[in-house]
Amino acid sequence: MSAPTTKKPTVTEREARQVAEAAREQNWRKPSFAKELFLGRFRLDLIHPHPLPADDDVRRGEEFLAELREFCETKIDSALIEREARIPDEVIAGLKEIGALGMKIDPKYGGLGLTQVYYNKALALVGSANPAVGALLSAHQSIGVPQPLKIFGTQEQKDAFLPRCARTDISAFLLTEPDVGSDPARLATTAVRDGDDYVLDGVKLWTTNGVVANLLVVMARVPKSEDGKGGITAFVVEADSPGITVENRNAFMGLRGIENGVTRFHQVRVPAANRIGPEGSGLKIALTTLNTGRLSLPAMCVGAGKWCLKIAREWSGVREQWGKPVALHEAVGSKISFIAATTFALEAVVDLSSQMADEDRNDIRIEAALAKLYGSEMGCLMADELVQIRGGRGFETAESLKARGERAVPAEQILRDLRINRIFEGSTEIMHLLIAREAVDAHLSVAGDLIDPDKSLQDKAKAGANAGVFYAKWLPKLVAGPGQLPTSYGDFKHDVDLSPHLRYVERHARKLARSTFYAMSRWQGRMETKQGFLGRIVDIGAELFAMSAACVRAELLRSQGDHGREAYQLADAFCRQARIRVDELFTRLWSNTDDLDRKVVKGVLGGSYEWLEQGVVDPSDEGPWIADANPSETPRPSVRRKIGGGS
């Protein structure tokens, strides 16, 4: 069979949106704290009292964390990984030996069967030892072969692949292409049915673990046929299959040890038995996998926050300026307070979301997305503040510090390593849109046809009637609530009183819902173009969720006698800081430069301001902005790195 001539799909904005919409989970079968929050309903009962793991899960989790800690302290040399830009084979072999590849895999397949809570604690721990090692384990288990097979795989697929993933084989997830990022409707990699096989052709970019993987999850477009509906489909592919070439190992500003590359498929035969789910279900599988998979990134941001706090405390207590430690100068002290309070809140968000994922009684798709969004943004801010606290030493590399006789603190490295989290697994901008779509789902369900230009007058009339009934019941409930009663949430009042913060959340959840309704009424079908507004709506929701989680966690620790007083102090500090951000975001909903910015952008793209670019030189090399990704054979040798022990 000759390689097909691939013409990149030409996709309109509307068609792209329809593809993304079709991949969404359409129904809400279980309650969601965050969904209710965006609707103006503060359902504290869904998260308080804080859910707790079973005793046996705690025992098994703590036992593994102790073993993993010893491994991290004795076997992982982060400076070596940074210097050589690779994780040594013996480190990966050691991770396999202690079962770290199978943390989330059921014991019946050879895994450890850890809960989401302890899996995330393990990632925070190993990520603090070296973020590239954390990325390897996370990509393998959070989005690689184990998770989609756990949810969508056949029993035969689980029996064939999960034991390998638990102990010996590394997996990777391949969706992105040189010209396809967050818009999968334009996916160009094809999988053509040929008897009992599919034949894959295409190029995949930024394949985390792809350079060392034994097994791949590959997303490819299957043409529609008499036997199948076609569409974007997921496959498990053996990485050493004929026709697969790892063309390049990519290098980045951070995560220097990450095994991320470019993988070309040329006439690669994949058994139909390796297809995950039916044809056309690939994007739904990817999004469902990410519902909990996204929690791994904020978990590692929690680990980074803890490390930043440790270094900030130790350094700022020793370094003196003008007769006292720099920590006691307000300009520095405010940064330390921010790091401490934010680390507490971020851990609260991740632990709460993870425990809800374990219990499976709540729908956490918005909570997990908010955790990823909030964790990645706040993680970068905390690392940046640490660099500032350290001053010139923050900008200096650990290797240079050590060479001149000072403690080798890799502050600049953590800033570089964390920066990718604002892009990985959905950029901040895409997360804003994804969460916003879920946040307005109730409105679109009842009134969507009113603003859809393709709907008939009859459909619009029916939608108008339905919307009238919904809003007649919903809008009056946004006028008043428990947040206006000074006695509400009194069980959060102890040495430090957190009840005012929860009343603030309740009031501002209603205000958030009113603002969203007003915006939909004002802009209707143009609402989806108001990305600045939608981003601020989501950011407000993220802050309110984090405030809620911080208060609930503080009360849990108080009730357990585990640093309860200090936890209340941190929760209070975080909520006061968050309230300032929320108030500013509400102001910026209606007072902003969005319209002016659009005019400036048109001027930039139209060349009106090219004169402003004069007076500099561009050190970039010549070349295409986007590499050619047409399927074909490649003359380039494979740079795939084979690690002992895998299949």
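This write-up is about the structure you can find in this document. (Residues numbered from 1 in each chain as written. Predicted model: local features only at pLDDT ≥ 70, side-chain atom pairs only at ≥ 80, totals over all residues. Heavy atoms only, no water.)

**Regarding the overall build of the protein**
For the protein, the count of helices and strands is 23 helices and ten strands. Sorting the 647 residues of the protein into buried and exposed places 55% on the buried side. Carbon and sulfur atoms form 54% of the exposed surface of the protein, whose accessible area is close to 29,600 Å². Positive and negative side-chain charges of the protein, numbering 84 and 87 respectively, have mean locations separated by a distance of 4 Å. (Helix = DSSP H or I, 4+ residues; strand = E, 2+ residues; numbered from the N terminus. Buried < 20%, exposed > 50% of the residue type's maximum accessible area, 1.4 Å probe, protein only. Areas by Shrake-Rupley, 256 points an atom, 1.4 Å probe, with all protein chains shown as cover. Lys, Arg positive; Asp, Glu negative; His and termini not counted. Charge placed at Lys NZ, Arg CZ, Asp CG, Glu CD.)

**What about the nonpolar core?**
In terms of nonpolar packing, the biggest core is built from 97 residues, with Leu-370, Phe-492, Leu-544 and Phe-574 touching the most fellow members. Per-element tally for this core: the top contributor is helix α21 (residues 531-559), with 16 residues. Other than its neighbours up to four places away in sequence, Leu-370 contacts Ala-34, Phe-38, Gly-375, Ile-435, Val-538, Gly-541, Ala-542 and Phe-545. Counting residues in each nonpolar core, the second largest holds 37 residues, with Leu-95, Met-103, Leu-297 and Phe-424 among its members. (Core = buried A, V, L, I, M, F, W, Y, C linked by side-chain atoms within 4.5 Å. Contact = heavy atoms within 4.5 Å.)

**With respect to the packing of helix α11 (residues 296-318) against helix α16 (residues 411-419)**
The geometry of a pair of packed helices is captured by two quantities: the angle between their axes and the separation between those axes. The geometry of α11 relative to α16 is characterised by a closest axis approach of 12 Å and an angle of 160 degrees between their N-to-C directions. Judged on the interaxial angle alone, α16 and α11 are roughly antiparallel. Taken as a pair, α11 and α16 cross one another with a handedness that is left-handed. Residues Cys-301, Ala-304 and Trp-307 of α11 pack against Ala-411, Ile-414 and Leu-418 of α16. Of the residues belonging to the contact of α11 with α16, the class tally is six nonpolar, no polar and no charged. (Axes fitted to C-alpha atoms, helices over the stretch in contact; angles between N-to-C directions. Parallel < 35°, antiparallel > 145°, perpendicular 65-115°, else oblique. Left-handed = near helix turned anticlockwise from the far one by under 90°. Nonpolar A, V, L, I, M, F, W, Y, C, P; charged D, E, K, R; others polar.)

**Some thoughts on helix α19 (residues 457-474)**
Compared with an ideal rise of 1.5 Å per residue, which puts 18 residues at 26 Å, α19 spans 25 Å between its outermost C-alpha atoms and is within 8% of the ideal. Where α19 is concerned, the buried positions are Ala-463, Ala-467, Tyr-471 and Trp-474. Buried residues in α19, looked at end-on, bunch into an arc of 60 degrees, giving them a common side. Residues Gln-458, Ala-461, Lys-462, Ala-472 and Lys-473 are exposed on α19 and point more than 90 degrees away from its buried face. (Expected span 1.5 Å × (residues − 1). Arc of directions from axis to C-beta.)

**Observations regarding the pattern of salt bridges**
One pass over the structure, following the stated rule, counts 45 salt bridges. Each of the salt bridges in this network shares a partner with another, and the network as a whole consists of Asp-56, Asp-57, Arg-59, Arg-60 and Glu-63. (Salt bridge = Lys/Arg side-chain N within 4 Å of Asp/Glu carboxyl O.)

**A closer look at the packing of helix α17 (residues 428-439) against α21**
For the pair α17 and α21, the least separation of the axes is 9 Å and the interaxial angle reads 75 degrees. Taken as axis vectors, α17 and α21 run roughly perpendicular relative to one another. Two secondary-structure elements touch here, α17 through His-432, Leu-433, Ile-435 and Ala-436 and α21 through Gln-531, Leu-534, Gly-535, Val-538 and Asp-539.

**Some thoughts on helix α6 (residues 116-129)**
Since there are 3.6 residues in each turn of an α-helix, residues three or four apart along the chain are aligned in direction. Helix length check: α6 (14 residues) gives 20 Å between terminal C-alpha atoms against 20 Å at 1.5 Å per residue, within 8%. For α6, the buried fraction is high: twelve of the 14 residues fall into the buried class. Tucked into the core, α6 has its buried residues touching α3 (55-75), α4 (78-84), α7 (131-143), α10 (282-293), α11 and α12 (330-359).

**Some thoughts on the environment of Arg-404**
Locating Arg-404 in the fold gives a position in the loop between α15 (398-403) and α16. Relative accessible area serves as the criterion here: at 43%, Arg-404 is assigned to the partly exposed category. Separated by 93 residues in the primary sequence, Arg-404 and Asp-497 have C-alpha atoms spaced 48 Å apart. Those residues in contact with Arg-404, other than ones at most four positions away along the chain, are Arg-393 and Glu-396. Here the side chain of Arg-404 touches Glu-406 through a polar contact of 3.1 Å, side chain to side chain. (Polar contact = N/O pair within 3.5 Å; in protein donor to acceptor, adjacent residues only side chain to side chain.)

**Looking at the pairing of strand β3 (residues 197-208)**
Within β3, eleven of the twelve residues are buried, which leaves the element mostly enclosed by the surrounding structure. Examined bridge by bridge, strand β2 (residues 190-194) and β3 share five bridges and lie antiparallel to one another. By the bridge assignment for β3, Thr-190 is matched with Asp-201. A loop of two residues connects β2 with β3, the two strands running antiparallel in sequence, and Gly-195 in this loop sits at a positive phi of about 70 degrees. The sheet contact formed by β3 and strand β7 (residues 260-271) spans nine bridges and is antiparallel. Residue Lys-204 lies in a different strand from β7, and its bridge partner there is Thr-263. (Pairing = 2+ DSSP bridges.)

**Some thoughts on the packing of aromatic side chains**
Taken as a whole and assessed by the stated rule, the structure comprises 13 aromatic pairs. Three or more aromatic residues link up through ring pairs in this structure, and these residues are Phe-33, Phe-42, Tyr-489 and Phe-545. Positioned above the aromatic ring of Trp-315, the side-chain terminus of Arg-390 is 4.7 Å from the ring centre. Here the guanidinium or amino end of Lys-511 rests over the ring plane of Phe-586, the centre of that ring lying 4.5 Å away. (Phe/Tyr/Trp six-rings, centres within 6.5 Å; stacked < 30°, edge-to-face > 60°. Lys NZ or Arg CZ within 6 Å of the ring centre and 35° of its normal.)

Everything listed here is a matter of geometry and, on its own, says nothing about what the molecule does.
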